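These are the residues of each chain, in order.
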Amino acid sequence: MPDVSLIRSELLAWYDAHARSLVWRAPPGAEGRSEPYRVWLSEVMLQQTTTPHATPYFLNFTARWPTVSDLAAAEDADVMAAWAGLGYYARARNLLACARAVAGEHGGVFPDTEAGLLALPGVGAYTAAAVAAIAFDRAANVVDGNVERVMARLFAVETPVPAARPELKRLAERFVTDCRPGDWAQALMDLGATVCRPKSPLCGSCPVTNQCLGFAGGTPERYPVKLKKAERPHRKGFAWVMIDGQGRAALQRRPDKGLLGGMLGLPTSDWSAEPDGSPPVAADWREAGAIEHVFTHFSLTLTVRVAHAAPDGDYEWRDFETARAALPTVFAKALDRAGEPALI
Ligand code: SF4
């Protein structure tokens, strides 16, 4: 079993020597911690994008709005414009809401506990833990995708994600102590970002190789285990294109419940491994080929058969053009396969 305290001391020593230099970060072991405003702002930006992409945005924001109260007083439109290129404008709106809560309700000072931070608008569990640990040196368990990956590899966790998440969080919790919690959180982040990378981890440069069960097993990149996407089953079916004397096709309203419920469609067989190929009426049916269509849960080969027929029944008769516009894609494709009425 990996030795938790040994991993802690080796990783913290590695961090002291190799910490990334980031514009929002205080150096390892710094007397003055990173400013909460800078930590919070950087963490919100980093939820959207990578460190190199976030850096100029961070510099611009902190130059224009050096404190959380400055940001709180900014015009919405200015903040939105400065956020452009970072995506997800909801985040920018949350950012402003949080800044205004800190300025208006907390005198411009961020709460210094995880619970206090979590109570701010738009601040989730990860951001609250990260700010508590990094800005206030609180013993908070900061778990993002990087940390999950490192834990899954260190402990060779065989449970696939996402089911493994609570277990990975519990494992990460074992490392959290009152000794340098901010540096610990950042050391893990740096390890995940630069060494224990998603693909091709640099185990040769890793300070905890000798404690890593994933490395010992020979295939660390196998972790975190992911379930293979279930293969989509394949089904077959027939679509019947009946054309009346005016060149109109027979459409049918589908039952409200089920796939494409309540929408117009062509008359079809069942869609299964062995569909029933009996046509809805006796006629001189001609084979027009088949179309392929992929639904979320299965793929379909639909064989299209065409005949001149105008039976009574629950049909809506539409010319091809308006039929195509009214039909879901799968049936529009089948109608196209049937060809033009004049040529049938
Ligand atoms: Fe990650 Fe390799 Fe280090 Fe294990 S030894 S923590 S897999 S980089």
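*Asks:* Residues and numbers for the nonpolar core, please.
*Replies:* Formed by 46 residues in total, the largest nonpolar core has its most connected members in W40, M45, F61 and L71. When residues of this core are traced back to their parent elements, those giving at least two are α2 (36-46), α3 (51-64), α4 (68-72), α5 (76-83), α6 (89-105), α8 (125-136) and α11 (181-195). Of the residues forming this core, the biggest block, nine residues, is contributed by α8. Looking at this core, you find at least three residues from each of domain 1 (1-18 + 139-228) and domain 2 (34-136). Residues within four places of W40 in sequence aside, it is in contact with V68, L71, L95, C98, A99, F110, V123, T127 and V131. Counting 32 residues, the second largest nonpolar core, distinct from the first, contains V143, A156, V157 and C196.

*Asks:* So what's going on with the domain arrangement of the protein? Which residues, and what values?
*Replies:* Partitioning the protein into domains gives domain 1 (1-18 + 139-228), domain 2 (34-136) and domain 3 (234-343). In this structure, domain 2 and domain 3 have C-alpha centres spaced 54 Å apart.

*Asks:* How would you sum up the site of the ligand? Please name residues and give values.
*Replies:* In the vicinity of the ligand, the contacting residues are R153, V195, C196, C203, C206, T209, C212, F215 and P220. Assessed atom by atom at 2 Å from the grid points, the ligand resides in the largest cavity. For the shell around the ligand, the residue count by class is seven nonpolar, one polar and one charged.

*Asks:* Can you break down empty space enclosed by the protein residue by residue, with the values?
*Replies:* Empty space among the atoms becomes visible once a probe the size of a water molecule is rolled across them. Under the criterion given, the structure shown has two cavities of 30 Å³ or more. Roughly 110 Å³ of volume is contained in the largest cavity. Lining the largest cavity are 15 residues, with R153, C196, C203, C206 and C212 sitting closest to its centre. Counting only elements with at least two residues in the lining of the largest cavity, the list comes to α9 (145-154) and α11. Residue contributions to the lining of the largest cavity peak at three residues, all from α9. Looking at the lining of the largest cavity, its residues break down into 13 nonpolar, one polar and one charged. In this model, the second largest cavity occupies a volume close to 50 Å³. Taken together, A140, N141, V142, A172, V176, P181, W184, A185 and L188 form the lining of the second largest cavity.

*Asks:* I'd love a proper account of the layout of surface pockets, names of residues and values included.
*Replies:* Approximately 390 Å³ is the volume found for the largest pocket. Forming the boundary of the largest pocket are 21 residues, of which R20, L46, T51, D144 and N146 lie nearest the centre. Where the lining of the largest pocket is concerned, the elements lending two or more residues are α2, α3, α8 and α11. The element that contributes the greatest number of residues to the lining of the largest pocket is α2, accounting for four residues. Among the residues forming the lining of the largest pocket, the class breakdown is nine nonpolar, eight polar and four charged. Both of domain 1 (1-18 + 139-228) and domain 2 (34-136) provide at least three residues apiece to the lining of the largest pocket. In this structure, the second largest pocket spans a volume of roughly 200 Å³. Top contributing element to the lining of the second largest pocket by residue count: α9, with four residues. Residues that form the lining of the second largest pocket fall into these classes: four nonpolar, one polar and eight charged.

Cut-offs used in this document
- Residues numbered from 1 in each chain as written.
- Predicted model: local features only at pLDDT ≥ 70, side-chain atom pairs only at ≥ 80, totals over all residues.
- Heavy atoms only, no water.
- Core = buried A, V, L, I, M, F, W, Y, C linked by side-chain atoms within 4.5 Å.
- Buried < 20%, exposed > 50% of the residue type's maximum accessible area, 1.4 Å probe, protein only.
- Helix = DSSP H or I, 4+ residues; strand = E, 2+ residues; numbered from the N terminus.
- Domains from an automatic or database assignment.
- Contact = heavy atoms within 4.5 Å.
- Near = heavy atom within 4 Å.
- 1 Å grid on protein atoms, 1.4 Å probe; cavity = no way out; pocket = protein on both sides within 12 Å on 5 of 7 lines; lining within 4 Å.
- Sits in = over half its atoms within 2 Å of the grid points.
- Nonpolar A, V, L, I, M, F, W, Y, C, P; charged D, E, K, R; others polar.
- Points joined across faces, edges and corners; volume = space filled by probe spheres on them.

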